[in-house]
Amino acid sequence: MVLPTHVNLIEAGPRDGLQNEKQVVPTAVKLELIHQLRAAGIKTIEATAFVSPKWVPQMADSSTVMNVIAKHDDVTYMALTPNLKGFEAAFAAGCRNVAVFAAASETFSQKNTNCSIAESFERFIPVMDAAAKAGIRVRGYVSCVVGCPYEGEIRPTAVADIARRLFDMGCYEVSMGDTIGVGTPGSVRAMFEATAKYIPVNKLAGHFHDSYGMAIANIYASMEMGISVFDSSVAGLGGCPFAPGASGNVATEDVVYLLRGLGIECGVDLDALVDTALWISAYLGRAPASRVARAMTRH
Ligand code: HMG
Ligand code: MG
């Protein structure tokens with residue numbers, strides 16, 4: 001399989017990256033992070049989530065964040081909206097790109113969104129309707145596409161079924177999330193093979209967490225299958241509050257380094273991105289999880 005010549009990176013640092021931070025990150029720091037990512041050339045940023053502040057306190061300032069950034073028209077800002085309440089708040093704050101998220105595991109669905117998989121789809125119907133009326137595109141996510149922190153291994157056919165339902169209800173793209181980062185090229189390939197029976201590969205994205213250090217290998221295997229959209233997080237920030245033990249997303253710098261080495265265009269300035277990784281990591285009081293950021297700053 002020929003590798004893609006261009007890859008779209010969806011930067012999830014401000015949302016997936018920060019949602020799990022124990023200390024509340026001030027809104028001004030989130031805005032500075034988004035500013036720096038934009039300056040580094042990132043064109044799509046998952047900026048925040050319109051979810052319950054009781055469930056995810058870190059995202060309580062979603063309306064404020066979105067109100068400020070929605071003014072930029074050179075970047076696509078995306079936000080998670082699990083239900084109509086979330087969609088309406090996102091829309092009111094100026095958000096014009098939203099995402100709904102489902103899980104391929106019943107237990108994870110309950111832990112993450114307090115409802116069954118079937119109920120989560122019931123919640124998406126009014127979101128899809130309202131978005132269609134407003135002319136807004138909706139991205140879909142599937143969590144636990146390889147494994148679940150509560151149920152273990154998840155069958156590719158079960159994953160494909162959830163992805164197909166999101167696509168059939170109108171999601172323009174479905175991002176396949178290895179929430180706990182247990183996937184390897186073998187299991188990721190099996191998952192995409194099952195899913196690609198229903199959804200064209202150019203409508204699929206990879207969302208890899210890096211708990212086992214396999215995310216870069218999984219991205220390469222996905223590209224070999226024709227996938228060319230990947231979610232990542234600057235400095236490898238993140239994790240999910242409802243997936244104990246999961247590490248952050250694959251670091252954006254690591255993906256950019258891989259792509260640069262392969263001659264694949266992504267439009268991101270690696271040096272600027274590494275500076276951002278160092279800045280946000282210093283703010284949070286730790287070294288970047290990214291191998292590339294550490295290697296590029298080793299003296
Ligand atoms: P619920 O308790 O079932 O909802 O929560 P409810 O409708 O019964 O409402 C209960 C309360 O929540 C009410 O407030 C509502 O107003 C409020 P109260 O009367 O108690 O004061 N509420 C909301 N507030 C703000 N925004 C909303 C909203 N909806 C209801 N949209 C809900 C259901 C989904 C809201 C809740 O379970 C929740 O917020 N969960 C958090 C989910 C989340 O953010 N998870 C992390 C992101 S997903 C992820 O990380 C995976 C991903 O990265 C891919 C991967 O890696 O796999 C995407
Ligand atoms: Mg995630």
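Look up a bit, the structure's there.
No experiment lies behind these values; they were computed from the predicted model shown. (Residues numbered from 1 in each chain as written. Chains lettered and ligands numbered in written order. Predicted model: local features only at pLDDT ≥ 70, side-chain atom pairs only at ≥ 80, totals over all residues. Heavy atoms only, no water.)

1. Details of unusual backbone geometry
What you tend to see is this: most non-glycine residues have negative phi, and most peptide bonds are trans.
Then, in step 1: With phi around 60 degrees, N114 is a residue other than glycine that occupies positive phi space.
Then, in step 2: N114 gets classed as partly exposed once you look at its relative accessible area, which sits at 49%.
Then, in step 3: Even without being a glycine, A235 presents a positive backbone phi close to 65 degrees.
Then, in step 4: Its location among the elements puts A235 in the loop between β10 (229-232) and α10 (252-262).
Then, in step 5: Overall, the relative accessible area of 2% leaves A235 in the buried class. (Buried < 20%, exposed > 50% of the residue type's maximum accessible area, 1.4 Å probe, protein only. Helix = DSSP H or I, 4+ residues; strand = E, 2+ residues; numbered from the N terminus.)

2. Some details on the pattern of salt bridges
Then, in step 1: This structure, assessed with the given rule, holds nine salt bridges.
Then, in step 2: For the salt bridge of R15 with D16, the shortest nitrogen-to-oxygen distance reads 3.4 Å. By the burial criterion, R15 is buried, and D16 matches it.
Then, in step 3: For E21, the salt bridge identified is with R286, shortest N-O distance 2.8 Å. Taken together, the residues span a long stretch of sequence, with E21 in the loop between α1 (13-17) and α2 (27-39) and R286 in the loop between α11 (270-284) and α12 (291-296) at a distance of 265 residues.
Then, in step 4: Look at R286 and you get partly exposed, because its relative accessible area is 39%. (Salt bridge = Lys/Arg side-chain N within 4 Å of Asp/Glu carboxyl O.)

3. Section: the side chain of T113
Then, in step 1: Along the polypeptide, T113 turns up in helix α5 (residues 106-113).
Then, in step 2: The residues contacting T113, other than those within four sequence positions of it, are W55, F101, F108 and R123. (Contact = heavy atoms within 4.5 Å.)

4. Overview of the pairing of strand β5 (residues 137-143)
Then, in step 1: Of all seven residues in β5, six are buried; the element is thus mostly enclosed.
Then, in step 2: When strand β4 (residues 97-103) meets β5, the two strands line up parallel, connected through seven bridges. Residue pairing in the sheet places N97 in a bridge with R137 of β5.
Then, in step 3: Pairing analysis gives four bridges linking β5 to strand β8 (residues 173-178), with the strands arranged parallel. Looking across to β8, one finds that V142 is bridged to M176. (Pairing = 2+ DSSP bridges.)

5. Side note on the sheet that holds strand β9 (residues 204-208)
Then, in step 1: In space, the eight strands of this closed barrel follow the order β1-β2-β3-β4-β5-β8-β9-β10, with parallel pairing throughout. On average, each strand axis in the sheet is tilted by 25 degrees relative to the strand beside it, whichever way the strands run.
Then, in step 2: Sitting on the sheet, helix α3 (residues 62-69) touches β2 (44-49) and β3 (76-80), and the angle it makes with β2 is about 150 degrees.
Then, in step 3: Of the strands in this sheet, β8 and β9 touch helix α8 (residues 185-195), which is tilted by about 155 degrees from β9. (Axes fitted to C-alpha atoms, helices over the stretch in contact; angles between N-to-C directions.)

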